[in-house]
Amino acid sequence: MDGTMLPDISTLPNMPLVDRNQTLDTLFEPSEHLHSIAESLLLQKSCTSYQALIDFVRARLIALASSNDPGDRTILLDILGSHPRLGEKAPASNSAGDEAFQGEGQRHLNELSKAEQANINRAGQKESAEQLIALNREYEEKFPGLRYVTFVNGRGRDAIMEDMRRRIDQGDLELEILETIQSAKIAVLEASGIEAMYEDRPE
């Protein structure tokens, strides 16, 4: 599969596992639990479009968020925590701890996440980069298992950090979980037009 181009949705159920997971990682973020959920949905549901698959996955995540089963919560947090931290590519401080905090998951950035990160990092200075690292840390201490996720939509660091502060101060874990589900990369894909990513789309 080339770049962020997606194969025809009808080929996914019978696709080699490695290729199918690569496609799922383009839609979402790398997570074995999410792979399992999506693969199960592909077998159970008739997904005629990527939008349908995304809607099914989102509904499943919301169901996990509503569950009282600790195992379901573990699965949900694994999926939501797979998103890279915003600003990961920003300059790190000289602290080894900050470097480890900032760099974890860096190797998992896919093309769509790289584009999101590039927008955040484009005009950033070292001071604001360090502030973003600190806010990421504070957010993850406030909401264990989550990563701050938002629909960047062209916003710069100042606007993003203002939103991070608002959500940290709000301090509502359950609301934050739902916010994360709704704000994850699926929203970026919906906004940019998933149909345009098909490899075999009609001329």
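Residues numbered from 1 in each chain as written. Predicted model: local features only at pLDDT ≥ 70, side-chain atom pairs only at ≥ 80, totals over all residues. Heavy atoms only, no water.

Engineer: What am I meant to see in the overall build of the protein chain here?
Structural biologist: Looking only at helices and strands, the protein chain features 10 helices and zero strands. Mapped from its N terminus to its C terminus, the protein chain presents α and β elements in the order α-α-α-α-α-α-α-α-α-α. Counting only residues that meet the buried cut, the protein chain has 47% of its 203 residues in that class. Here the contacts in the protein chain between residues at least 6 apart in sequence split such that 71% fall between residues at least 24 apart. Looking at the protein chain as shown, the accessible area adds up to about 10100 Å², and 50% of this sits on carbon and sulfur atoms. (Helix = DSSP H or I, 4+ residues; strand = E, 2+ residues; numbered from the N terminus. Buried < 20%, exposed > 50% of the residue type's maximum accessible area, 1.4 Å probe, protein only. Contact = heavy atoms within 4.5 Å. Areas by Shrake-Rupley, 256 points an atom, 1.4 Å probe, with all protein chains shown as cover.)

Engineer: It is not clear to me how the packing of aromatic side chains should be interpreted in this structure. Could you clarify?
Structural biologist: Any aromatic ring pair is given by two values, namely how distant the centres are and how the planes are angled relative to each other. Summed over all chains, the structure comprises two aromatic pairs. Ring centres of Y139 and Y148 lie 5.6 Å apart, and the angle between their planes is 80°; this geometry places the pair in the edge-to-face category. The class for Y139 is buried, based on a relative accessible area of 0%. Classification of Y148 by relative accessible area gives buried; the value is 0%. (Phe/Tyr/Trp six-rings, centres within 6.5 Å; stacked < 30°, edge-to-face > 60°.)

Engineer: I tried to follow the environment of S49 on my own but got confused; where do I start?
Structural biologist: Within the element layout of this structure, S49 appears in the loop between α2 (32-44) and α3 (50-66). C-alpha separation for the pair S49 and S10, spaced 39 residues apart in sequence, amounts to 8.2 Å. In this structure the side chain of S49 is engaged in a polar contact, spanning 3.1 Å, whose partner is the backbone nitrogen of A52. (Polar contact = N/O pair within 3.5 Å; in protein donor to acceptor, adjacent residues only side chain to side chain.)

Engineer: Before we go on, may I ask you to explain the nonpolar core in this structure?
Structural biologist: One finds L53 and L76 to be the most contacted residues of the largest nonpolar core, which totals 37 residues. When contributions to this core are tallied by element, the ones reaching two or more residues are α1 (17-27), α2, α3, α4 (70-80), α7 (126-142), α8 (157-170) and α9 (173-183). Setting aside anything within four residues of it in sequence, one finds L53 in contact with I9, L12, L24, L27, A38, L42 and C47. (Core = buried A, V, L, I, M, F, W, Y, C linked by side-chain atoms within 4.5 Å.)

Engineer: What am I meant to see in the confidence of the model for the protein chain here?
Structural biologist: In low-pLDDT segments, the atomic positions of the prediction should not be examined closely. Per-chain confidence: the protein chain averages 76 in pLDDT, with 68% of residues scoring 70 or above. Here helix α5 (residues 96-103) stands out as the element of the protein chain with the lowest mean pLDDT, 44, in contrast to α4, whose mean of 93 is the highest. Every residue in residues 90-109 scores below 50 in pLDDT, and together they form 36 contacts with partners more than four places removed in sequence or on other chains. Here residues 199-203 scores under 50 on pLDDT; set against residues more than four positions off or in separate chains, the count is eight contacts. (pLDDT = per-residue confidence, 0-100.)

Engineer: Honestly, the pattern of salt bridges in this entry has me stumped. Any pointers?
Structural biologist: Between side chains of opposite charge, a pair can form as their charged atoms come close. Going through the model one piece at a time under the given rule, you end up with 11 salt bridges. We note a salt bridge from R20 to E39, for which the minimum N-O separation is 3.8 Å. With R20 in helix α1 and E39 in helix α2, this residue pair connects regions lying 19 residues apart in the sequence. Here R20 and E39 have matching classes, each one buried. Connected through shared salt-bridge partners, D163, R166, R167, E176 and E179 make up one network. (Salt bridge = Lys/Arg side-chain N within 4 Å of Asp/Glu carboxyl O.)

Engineer: What should I look at first to understand the packing of α3 against α4 in this one?
Structural biologist: Packed helix pairs are characterised by how far apart their axes lie and by the angle those axes make with each other. Orientation of α3 relative to α4, taken along the N-to-C sense of each, is 135°, at an axis distance of 8 Å. One element, α3, and the other, α4, form an angle in the oblique class. At the point where α3 passes α4, the crossing takes the left-handed sense. Of α4, the residues touching α3 (which contributes L61, L64 and A65) are D72, R73, I75, L76 and I79. (Axes fitted to C-alpha atoms, helices over the stretch in contact; angles between N-to-C directions. Parallel < 35°, antiparallel > 145°, perpendicular 65-115°, else oblique. Left-handed = near helix turned anticlockwise from the far one by under 90°.)

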